Amino acid sequence: MVKILFSKDDIEKRVSEIAAQISRDFKGKDVVMVAVLRGSFVFFADLIRMLDFDFSVDFISLSSYIGTFSQGDVKKIYGLQENLSGKDVIIVEDIVDTGRTLDFLFKEFSFKNPRSLSACALLNKKCARIIDVPVKYFCFETGNDFVVGYGLDYNGLYRGLPYIAKFLGKK
Ligand code: 5GP
């Protein structure tokens with residue numbers, strides 16, 4: 001059972017606003033958009049199609065959650081293909097919760113000598129932050145609920161919902 005927090009229309013509007021902001025900031029630069037799989041894949045696909053400049057894309061897969069509980073330790077599962085040296089790198093996350101994933105990525109990527117590193121998230125769960133990480137762009141601020149939909153899962157389910165919802169448990 002779920003309770004809708006952000007509708008399909010809410011999401012579309014905010015993603016286009018964020019895309020316009022990123023386009024203004026990065027047009028003419030050598031940008032790599034990096035999707036943090038798997039949760040960001042829907043957001044990433046929508047976002048990059050609204051960007052008004054040329055960029056390359058890459059993917060990294062990480063995991064720190066089982067069910068609704070953070071496991072704390074972030075594991076790298078699948079690595080980057082692109083050379084990030086001298087590039088403006090934008091990390092695209094589904095949700096920044098404790099901040100551990102983003103902190104891990106900022107550290108990993110800074111060894112690759114990018115020109116700049118920024119983060120863009122669909123959701124910002126600021127109230128759950130353990131590590132203070134900068135999230136330059138985000139669509140929505142959310143509370144301490146476990147959310148699903150629009151790419152976000154609960155044990156592999158609900159990624160295909162067109163909206164973002166609070167997960168209330170199984171029926
Ligand atoms: P972190 O705690 O490292 O900031 O977030 C790690 C990852 O946990 C996020 O990228 C996301 O995949 C997952 N996560 C955190 N909060 C939620 C949530 O409310 N719902 C879902 N489905 N995943 C979450």
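Reading the values: the criteria
Residues numbered from 1 in each chain as written. Predicted model: local features only at pLDDT ≥ 70, side-chain atom pairs only at ≥ 80, totals over all residues. Heavy atoms only, no water. Pairing = 2+ DSSP bridges. Helix = DSSP H or I, 4+ residues; strand = E, 2+ residues; numbered from the N terminus. Core = buried A, V, L, I, M, F, W, Y, C linked by side-chain atoms within 4.5 Å. Buried < 20%, exposed > 50% of the residue type's maximum accessible area, 1.4 Å probe, protein only. Right-handed = clockwise from strand over helix to strand, strands pointing away.

Visitor: Report on the sheet that holds strand 9 (residues 164–167), specifying residues and quantitative values.
Guide: Read from one edge of the open sheet, three strands run 1-9-8, paired in antiparallel fashion. Of all strands in the sheet, those with a lone pairing partner are strand 1 (2–6) and strand 8 (147–148), marking the two edges. Sheet analysis places strand 1 next to strand 9, joined by four bridges and oriented antiparallel. The residue of strand 9 that forms the bridge with Ile-4 is Ala-165.

Visitor: Tell me about the nonpolar core, and name the residues and values.
Guide: Judged by nonpolar contacts, the single largest core of 29 residues is most densely connected at Ile-22, Phe-43, Leu-47, Cys-120, Leu-123 and Ile-164. Only helix 1 (8–26), strand 2 (31–37), helix 2 (41–48), strand 5 (88–96), strand 6 (116–124) and strand 7 (137–141) provide two or more residues apiece to this core. With six residues, helix 1 is the single largest residue contributor to this core. Counting 18 residues, the second-largest nonpolar core is a separate cluster that includes Val-34, Ile-60, Leu-62 and Val-89.

Visitor: Tell me what's going on with the pairing of strand 6, and back it up with residues and numbers.
Guide: For strand 6, a buried count of seven out of nine residues is recorded, marking the element as mostly surrounded by other parts of the structure. With eight bridges connecting them, strand 5 and strand 6 associate as parallel partners. Paired with Ile-91 across the two strands is Ala-119, which belongs to strand 6. For the crossover from strand 5 across helix 3 (residues 100–110) to strand 6, the handedness is right-handed. One ladder, built from four bridges, connects strand 6 with strand 7; its direction is parallel. What sits directly across from Leu-123, in strand 7, is Phe-140.

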